[in-house]
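Below, each chain spelled out in residue letters.
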Amino acid sequence: MHHSALDSYVNSNVIINIDNCAPYSTNSTADRPLIYRSLQHQRQQQRRERFLFIFRFFRASVVFGLALACVIFALQTMGWIFAVVIALVALLLTRPGWRWFYIAGATAQRDLIALWAYIKLLRYTKRHERLNYTVADVFEGNVRAHPEKVAVMSETQRWTFRQVNEHANKVANVLQAQGYKKGDVVALLLENRAEYVATWLGLSKIGVITPLINTNLRGPSLLHSITVAHCSALIYGEDFVEAVADVAKDLPSDLTLFQYNNENNNSQTQTDIKQSRNLNVLLGTASKEKPNKTQVNHHDKLVYIYTSGTTGLPKAAVISHSRYLFIAAGIHYTMGFQDDDIFYTPLPLYHTAGGIMCMGQSVLFGSTVSIRKKFSASNYFADCAKFNATIGQYIGEMARYILATKPSEYDQKHRVRLVFGNGLRPQIWPQFVERFNIAKVGEFYGATEGNANIMNHDNTVGAIGFVSRILPKIYPISIIRADPDTGEPIRSKDGLCQLCAPNEPGVFIGKIVKGNPSREFLGYVDAKASAKKIVKDVFKHGDMAFLSGDLLVADEKGYLYFKDRTGDTFRWKGENVSTSEVEAQVSNVAGYKDTVVYGVTIPHTEGRAGMAAIYDPQRELDLDVFAANLAKTLPAYARPQIIRLLTKVDLTGTFKLRKVDLQKEGYDPSVVKDDLYYQTSKGRYELLTPRVYEQVQSNEIRF
């Protein structure tokens, strides 16, 4: 009984007579002084608690009495309005405290601007829901309003709203004549061009759902993206003939291929796929009038947009007409876009950012959007000047690449008043806006399939959005405590999730409310994948929320900052990279050798670069052949930037490579004894020497 006499007694169910201070037990009398001290401490604690209760009750009574007196005085002398105001002030001061009052004052303008934008958004979405409008219905309204206004332009194209609509009608009439109807799925694999938006718009007019295929995908990833969406046809551009030909033999036999050739090429090329049909020829004879009426509804599926998610191959996220309207209109009202703005985006149109947030400003609000086939850092602001753009779009890596270019006459010779996007690092944010004279940055965060989308509209450096401290329930998003490795919520004794305190990292979630476009979670085509993104029994038993898989932190004022992704997924070049998928492809290309993939930090870059550790003690791997074959199976952003050739492996009890230890060792040749290689700008792997490592650290060698 030398550690805790009282604990021992409690554990042995001892009965204590408090009044006589005489414990009835079989323990020796030598233990009684220790018991007396424990009991005295317990009684002192009870007296303190009683005193604190009485003090708090007295203080609350005094404050309540003073507040009530103030309210009565105001009611008699100044009227009921002033009385209500005083009552509210009294409530704020007594319940949340002075600090809350300070925070409310500091963030009131931010929250009120966002609240007004949210009210306008809800009015917009409710009106279109009531009228049962689809995206095509809204677009056709813009066609009637200004048919000859430019809708989409690039270096080689200037399509008016009338031209986009006529091409959309032709696509709809061709596919309808081929027997495609509402509910069918026709995938689109095409580079950035005016026909891109016209094609999926046309398909939507007859109720056909369009999966927007990532143009970087090759081999198994491309095949999976087509088959997982249960496509009955694929429309692909001439530039992707080789990629489609590589997987054609493995595609379902009932899947029809339509090839769309580049301008001035209506004939089949020599590299054409035999079973494909020439879409140009079919469009040439199609009517440009609106197709036969198909009953398409506001909540019907519109497109699938692919996301790598947290694990596995690309997953097809469902975007309905209502969801498209909500996303595009949400950023429109929050960022203060104008209908006469001219937008510039070099982002791919198969992503939510470029295809909905930016292109949606043309489709829904009648603005002009200028696009580029491939991003060019040195031409970014030259393009903005050429297209007379007033708003530019970016992702974090783009901003870094643009900032790294040599000074140009176009650095401030443009009309861009606002840039918006996600991933602009706080370390380069001030330099970027100063060099390019950008008045406002609109940083946003969100997942394509998720409902936890946020925006930073007040230029707070580094913040990706905010959660209101005044009205937190208006837009129910939260940060909950979770395991940083697995993302699994840490629950309290009652089985519910726990909110993080200010400056405490946690997983970002959004409350799910079915039927509400701002709170709905449509998930993926794969129901099992959707179920993994839902957490139940969040703040009360029976409720649900979307689990983002991202670690965020909120400061005292509610500003949110991105920390990292949970689990094995990492972000590189603006894309989420799944280590399990990359490991499988690398292992296959390397002759089925043991492989582990993880993300490592490289100075002056956003996110983490992929590093692959391959067990090759005999040095059988030909890195030139390996690099060439890897380029055929993985998109550029998913290919490992650094290779480590292991001479021995450390396995866990379940025969898995120990990833954590390898990740901690990194790619420093002074620490790692195995051979290290880095990928050059030409795609080859060359030896990573101590000198090369120093150049990487000093940003002389860039990734």
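Residues numbered from 1 in each chain as written. Predicted model: local features only at pLDDT ≥ 70, side-chain atom pairs only at ≥ 80, totals over all residues. Heavy atoms only, no water.

1. With respect to the overall build of the protein chain
Of the regular secondary structure elements, the protein chain holds 20 helices and 30 strands. Classification of the 703 residues of the protein chain by burial places 52% in the buried group. By element, 54% of the accessible surface of the protein chain is carried by carbon and sulfur atoms, the whole surface being about 33,700 Å². (Helix = DSSP H or I, 4+ residues; strand = E, 2+ residues; numbered from the N terminus. Buried < 20%, exposed > 50% of the residue type's maximum accessible area, 1.4 Å probe, protein only. Areas by Shrake-Rupley, 256 points an atom, 1.4 Å probe, with all protein chains shown as cover.)

2. A word on empty space enclosed by the protein
Unoccupied space between atoms shows up once a probe the size of one water molecule is rolled over them. Under the counting rule described, the total for this entry stands at 5 cavities of 30 Å³ or more. Here the largest cavity defines a volume of roughly 70 Å³. Lining the largest cavity are Tyr196, Val197, Trp200, Leu212, Val303, Ile305, Tyr324, Leu349, His351, Gly355, Ile356 and Met359. Among the elements of the structure, helix 7 (194-205), strand 10 (301-307) and helix 12 (352-365) are those that each provide at least two residues to the lining of the largest cavity. Looking at side-chain class alone, the lining of the largest cavity contains 10 nonpolar, 2 polar and no charged residues. (1 Å grid on protein atoms, 1.4 Å probe; cavity = no way out; pocket = protein on both sides within 12 Å on 5 of 7 lines; lining within 4 Å. Points joined across faces, edges and corners; volume = space filled by probe spheres on them. Nonpolar A, V, L, I, M, F, W, Y, C, P; charged D, E, K, R; others polar.)

3. Quick word on the nonpolar core
Counting residues in hydrophobic clusters, the biggest one holds 95 residues, and the most contacted among them are Trp200, Leu364 and Phe420. For phenylalanine 420, the residues in contact, after removing those within four places along its chain, are Ile331, Phe337, Phe343, Met357, Cys358, Ile391, Gly392, Gln393, Tyr394, Gly442 and Phe444. By size, the runner-up hydrophobic cluster in this structure holds 68 residues, among which are Ile213, Val597, Ala638 and Val672. (Core = buried A, V, L, I, M, F, W, Y, C linked by side-chain atoms within 4.5 Å. Contact = heavy atoms within 4.5 Å.)

4. Brief notes about the packing of aromatic side chains
Counted under the stated rule, the structure contains 20 aromatic pairs. Summarising the aromatic geometry, the rings of phenylalanine 381 and phenylalanine 432 are spaced 6.4 Å apart at their centres and angled 45 degrees between planes, so their arrangement reads as tilted. One end of the pair, phenylalanine 381, is in helix 13 (residues 380-387); the other, phenylalanine 432, is in helix 15 (residues 429-435), with 51 residues separating them in the sequence. On the accessibility criterion, phenylalanine 381 (4% relative accessible area) is buried. The exposure class assigned to phenylalanine 432 is buried, which follows from its relative accessible area of 2%. With a centroid separation of 5.6 Å and 70 degrees between ring planes, the pair formed by tyrosine 445 and phenylalanine 508 is classed as edge-to-face. Of this pair, tyrosine 445 sits in strand 16 (residues 440-445) while phenylalanine 508 sits in strand 20 (residues 506-511), placing them 63 residues apart in sequence. The exposure class of tyrosine 445 is buried, given its relative accessible area of 11%. Every member of this aromatic cluster is reached through a ring pair, and the members are Tyr344, Tyr380, Phe381, Phe387, Phe432 and Phe436. The ring of tyrosine 559 has arginine 110 sitting right over it, with the charged end atom 4.6 Å from the ring centre. The residue whose ring lies beneath lysine 315 is tyrosine 524, and the NZ or CZ to ring-centre distance is 5.5 Å. (Phe/Tyr/Trp six-rings, centres within 6.5 Å; stacked < 30°, edge-to-face > 60°. Lys NZ or Arg CZ within 6 Å of the ring centre and 35° of its normal.)

5. Section: unusual backbone geometry
Not every positive phi belongs to a glycine, and asparagine 437 is a case in point at roughly 55 degrees. Inspection of the secondary structure puts asparagine 437 in the loop between helix 15 and strand 16. With a phi angle near 70 degrees, asparagine 503 is a residue other than glycine that sits in the positive phi range. Looking at the secondary structure, you find asparagine 503 in the loop between strand 19 (477-480) and strand 20. Residue asparagine 503 is classed as exposed on the basis of its relative accessible area of 54%.

6. Concerning the sheet that holds strand 14 (residues 391-395)
Within the open sheet, the 8 strands sit side by side as 4-3-13-12-14-15-16-17. Their pairing is mixed. One side of each edge strand has no neighbouring strand; the edge strands of this open sheet are strand 4 (158-160) and strand 17 (454-456). On average, each strand axis in the sheet is inclined to that of its neighbour by 20 degrees, with strand direction left out of account. In this sheet, strand 15 (residues 418-422) lies alongside strand 14 in parallel orientation, the contact comprising 5 bridges. Bridging across to strand 15, isoleucine 391 finds its partner in leucine 418. Sitting on the sheet, helix 6 (residues 161-177) is in contact with strand 3 (150-153) and strand 4, with an inclination near 80 degrees to strand 4. (Pairing = 2+ DSSP bridges. Axes fitted to C-alpha atoms, helices over the stretch in contact; angles between N-to-C directions.)

7. Quick look at helix 8 (residues 219-228)
For helix 8, the complete set of buried residues consists of Gly219, Ser221, Leu222, Leu223, Ser225 and Ile226. Here the buried face of helix 8 lies against strand 5 (186-189), strand 7 (233-237), helix 9 (241-248), strand 10, helix 17 (579-589) and helix 18 (623-633). Positive backbone phi, at 55 degrees, marks histidine 230, one or two positions downstream of helix 8.

8. Some details on the pairing of strand 19
Here strand 19 shows a buried face lined by Ile477 and Ile479 and a second buried face lined by Ser478 and Ile480. For strand 19 and strand 20, the ladder comprises 4 bridges, and the chain directions are antiparallel. If you follow serine 478 over to strand 20, its bridge partner there is isoleucine 509.

9. A short note on the layout of surface pockets
A volume near 570 Å³ is recorded for the second largest pocket. As for the second largest pocket, its lining consists of 22 residues, of which Pro472, Ile477, Ser478, Leu499 and Phe539 are closest to the centre. Going through the elements one at a time, strand 19, strand 20 and strand 22 (544-554) are the ones with two or more residues in the lining of the second largest pocket.

10. Topic: the sheet that holds strand 26 (residues 595-600)
Spatially, 5 strands are ordered 26-27-28-29-30 in an open sheet, and the strand pairing comes out mixed. Only two strands of the sheet have a single neighbouring strand rather than two, namely strand 26 and strand 30 (685-687). On average, each strand axis in the sheet is tilted by 25 degrees relative to the strand beside it, whichever way the strands run. As defined by bridge partners, strand 29 (residues 675-679) adjoins strand 30 across 3 bridges and the pair is classed as antiparallel. Bridge pairing in strand 30 places tyrosine 678 opposite glutamate 686.

11. Digging into helix 13
Because an α-helix completes one turn every 3.6 residues, residues spaced three or four positions apart along the sequence face the same direction. Summarising burial for helix 13: 6 of the 8 residues are buried, a large majority. Phi turns positive, to about 60 degrees, at asparagine 388, one or two residues after helix 13.

12. Quick word on the confidence of the model for the protein chain
Mean pLDDT over the protein chain stands at 84; residues scoring 70 or higher make up 82%. Contacts of residues 1-38 to residues separated by more than four positions or lying in other chains number 25 contacts, the stretch itself having pLDDT below 50. (pLDDT = per-residue confidence, 0-100.)

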